[in-house]
Amino acid sequence: MWRRSGPNTPTGSSWPTPSAPGLAGAHPSPEIEPLQPLVTRSHYYTGDNSITDVPHFAELRMKDVYPGIDVDLHGRTGTLEYDFVVAPGADPRDIRIDL
C-alpha cells in the first residue's frame with residue numbers, strides 16, 4: 001500500500017506509501033525518505049484531478065523497517081534492488097524475508 005500527501009496532492013486523495021512487502025514482521029507503514037533527487041518531474045491528469053510537478057528520485061529509504069534497520073530501494077538496469085542499512089547495535093537477525 002502506498003500513501004502520499006503534500007502540496008501537490010489533490011484534497012481528499014491519497015497515494016500509497018510503501019509498506020514493505022515480503023518482509024515478515026516489518027513496520028507496516030515506515031517513514032519514507034527520498035534520496036538522490038532527479039531533474040525529472042511527472043504530471044498526472046485523471047478525470048477531475050490533476051497532480052503536477054511530482055519529483056522523481058533515484059533512491060528511496062524506508063526508515064526503521066525493523067528497529068535500527070532501514071531499507072534503501074533503487075533501480076539497477078531495469079530491476080528494483082534493495083539494501084538493508086543496519087545501524088550500530090541493531091540486530092540483522094531481525095530481518096525476515098518472505099519468499
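Now for a look at the structure at hand. (Residues numbered from 1 in each chain as written. Predicted model: local features only at pLDDT ≥ 70, side-chain atom pairs only at ≥ 80, totals over all residues. Heavy atoms only, no water.)

### Considerations on a nonpolar patch on the surface
Point 1. A surface patch of nonpolar side chains, about 400 Å² in accessible area, is lined by Tyr82, Ile97 and Leu99.
Point 2. Structurally, Tyr82 can be placed in strand S4 (residues 79–86). (Patch = residues over 30% accessible without salt bridge, like charges linked within 9 Å, V, L, I, M, F, W, Y side chains within 5 Å. Areas by Shrake-Rupley, 256 points an atom, 1.4 Å probe, with all protein chains shown as cover. Salt bridge = Lys/Arg side-chain N within 4 Å of Asp/Glu carboxyl O. Helix = DSSP H or I, 4+ residues; strand = E, 2+ residues; numbered from the N terminus.)

### Here's the deal with the sheet that holds strand S2 (residues 49–66)
Adjacent strands of a sheet form backbone hydrogen bonds with each other and so pair up, either parallel or antiparallel.
Point 1. With antiparallel pairing, four strands are arranged side by side in an open sheet as S1-S2-S3-S4. Every other strand in the sheet has two partners, leaving strand S1 (31–46) and S4 as the edge strands with one partner each. Averaged over all pairs of adjacent strands, the angle between their axes in this sheet comes to 35°, without regard to strand direction.
Point 2. Pairing of strand S3 (residues 69–76) with S4, which is carried by eight bridges, proceeds in the antiparallel orientation. Each bridged residue has a counterpart across the sheet, and for Val71 the counterpart in S4 is Phe84. (Pairing = 2+ DSSP bridges. Axes fitted to C-alpha atoms, helices over the stretch in contact; angles between N-to-C directions.)

### Focus on the side chain of Glu59
Point 1. With respect to the element layout, Glu59 can be found in strand S2.
Point 2. With no salt bridge to any partner, buried Glu59 finds its closest opposite charge in Arg61, at an N-O distance of 5.3 Å.
Point 3. Those residues in contact with Glu59 that lie beyond four places of it in its chain are Glu33, Pro34, Leu35, Gln36, Asp72, Leu73 and His74. (Buried < 20%, exposed > 50% of the residue type's maximum accessible area, 1.4 Å probe, protein only. Lys, Arg positive; Asp, Glu negative; His and termini not counted. Contact = heavy atoms within 4.5 Å.)

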